[in-house]
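Chain residues, written in single-letter form:
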Amino acid sequence: MNGAWIAVVRRDMLLALRRRSDVATTLFFFVIVASLFPLGVSPEPALLRTLAPGVLWVAALLACMLSLTRLFAVDYADGTLEQMVLAPQSLTLLVLGKVFAHWLVSGLPVVLLAPVLGLQYAMPNDALLVLVWSLLLGTPALSLIGAIGAALTLGVRGSGLLVALLVLPLYVPVLIFGSGAVAASQSGLDAGAYLSLLGACSLLALALTPWATAAALRIAVE
Amino acid sequence: MLSAQDLACTRGDRLLFTGINFELRAGQLLYVLGENGSGKSSLLRILCGLRSPEQGQVSWQGEDIRRQSDAYRSDLIYIGHLNALKDDLSALENLSISCSVLGQNDGAVRARAALQGLGLARCADIAVRNLSQGQKRRVALANLWLSRARVWILDEPFSALDTAAIVLLASRIGEHLAAGGMAVLTTHQEVVIAAVTVQELRLT
């Protein structure tokens, strides 16, 4: 493995450890949204079960987006980004390191928490399993696509709103396939096709977005 | 050899400078002089490749840096106005991680020695947010003690430093030049650096 890549991941993980409140905000948001719905809608299990895939996936998606603006903003402000652009290693690789760290901090915890929150929606066990799989396959795409938005809006005022506008249309397929997989498994159908499509989304994002993000970052430091 | 051919740079609609030419060979030092706002920092960013010039090109070993950026970047260290330090990490962590990002794997060991040399031994394990402005600058400059780059591009390296640190840094730059390196720097202070050839470039 490339030493520079590991160093970038290590730095971001260390920073996340030192500033736990930032990480907690994202997760707290996810837990709150997912827990308020059953309270606000109705305790009717059949209705909750129908709502579950959409609500949980939307909450996961928004939680991921919430942390996006911070992805490069701090590095941009303190000059670390300049040094990354000037590093002899390819910027694309370093970007992948940043995105991987972002996923570890904001995507993976969501994947692990989701089945616990799913219990509030009276979801059957196999649907919970599909929920975990769909998030595991889909959240990397969210981080990867989100990175482009975060890079393009660097140094722009009101970047939070702009990131949402840029990124949400690209998130739609991931949302549809993700919640579709869970809904399919709840109605007794095979979720395999949806999961394959989610995996394909993530792979496609992995192949294309790091280059786009690196190009946007080069423009931002100029 | 680092050279610039007919560089021009604009900011907004304003022309900052035009027709900048120089050649910098091993062991040579280039001072970039000029008033505030005359484009010194922009020139240094162009020399690094962070910014593209309006006109002209920068060449390293006779080839345009935009066409061989990897080879050039591994021979380059740039220290700008921003210290590129993470407030939540200690000085030692900052240095050893930035060494690894630049592709040097023995950074952790040498980083402690470099911090010691700069009188920061006691602060090495404290989060950078608790250091003073001058101490932060010293940590950022400690990268120069770790670097194997041949081209040093330093934007106001002496700002925020006390006299002892200025002497240390000046002698480090002198050492680097004596070892066949080259340096481009901007400064508003009178600092004596031992160099065989000193060039001056005045921006107006």
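These numbers were taken from a predicted model, which means no experiment stands behind them.

Turning next to the interface of chain A and chain B. Opposite the 28 residues of chain A that make contact, chain B presents 25 residues. Overall, the association of chain A and chain B removes approximately 2500 Å² of surface from exposure, summing both partners, and the carbon and sulfur fraction of that is 55%. One salt bridge in this structure joins R18 of chain A and E93 of chain B, with 2.9 Å as the shortest N-O distance. On inspection of chain A and its partner chain B, the count reaches 10 residue pairs in polar contact (both at pLDDT 80 or more). Within the residue set of the side of chain A that touches chain B, elements represented by two or more residues are helix 1 (3-18), helix 4 (70-78) and helix 5 (80-86) of chain A. Sort the elements by how many residues they give to the side of chain A that touches chain B and helix 1 of chain A lands first, with 9 residues. Partitioning the side of chain A that touches chain B into residue classes produces 15 nonpolar, 5 polar and 8 charged.

This brings us to the pattern of salt bridges. Evaluation of the coordinates by the stated rule reveals 17 salt bridges over all chains. Across the salt bridge formed by E82 of chain A and R45 of chain B, the nearest N and O atoms sit 2.7 Å from each other. Here E82 of chain A, found in helix 5, pairs with R45 of chain B, found in helix 1 (residues 40-48), and the two come from separate chains. On the accessibility criterion, E82 of chain A (9% relative accessible area) is buried. Between D70 of chain B and R73 of chain B there is a salt bridge, with the nearest N and O atoms lying 2.8 Å from each other. One end of the pair is D70 of chain B and the other is R73 of chain B, both in helix 2 (residues 69-73) and 3 residues apart, which spans about a single turn. D70 of chain B gets classed as partly exposed once you look at its relative accessible area, which sits at 42%. A relative accessible area of 10% places R73 of chain B in the buried class. Put simply, D12, D75, D78 and K98 of chain A together with K86 of chain B are held in one network by salt bridges that share partners.

Looking now at helix 6 (residues 91-118) of chain A. The end-to-end C-alpha distance of helix 6 of chain A is 39 Å, a good match for the 40 Å that 28 residues give at a rise of 1.5 Å each. Within helix 6 of chain A, the axis deviates most sharply at L104 of chain A, by approximately 40°.

A few words on helix 9 (residues 192-221) of chain A. Spanning 30 residues, helix 9 of chain A covers 43 Å between terminal C-alpha atoms, matching the ideal 44 Å at 1.5 Å per step. For helix 9 of chain A, the principal kink sits at L208 of chain A and spans about 35°; a proline, P210 of chain A, occurs within the next four residues.

What counts, and where the lines are drawn
- Residues numbered from 1 in each chain as written.
- Chains lettered and ligands numbered in written order.
- Predicted model: local features only at pLDDT ≥ 70, side-chain atom pairs only at ≥ 80, totals over all residues.
- Heavy atoms only, no water.
- Contact = heavy atoms within 4.5 Å.
- Buried area = accessible area lost by both parts, 1.4 Å probe.
- Salt bridge = Lys/Arg side-chain N within 4 Å of Asp/Glu carboxyl O.
- Polar contact = N/O pair within 3.5 Å; in protein donor to acceptor, adjacent residues only side chain to side chain.
- Helix = DSSP H or I, 4+ residues; strand = E, 2+ residues; numbered from the N terminus.
- Nonpolar A, V, L, I, M, F, W, Y, C, P; charged D, E, K, R; others polar.
- Buried < 20%, exposed > 50% of the residue type's maximum accessible area, 1.4 Å probe, protein only.
- Expected span 1.5 Å × (residues − 1).
- Bend = angle between axes of the 7 residues up to and from the residue.

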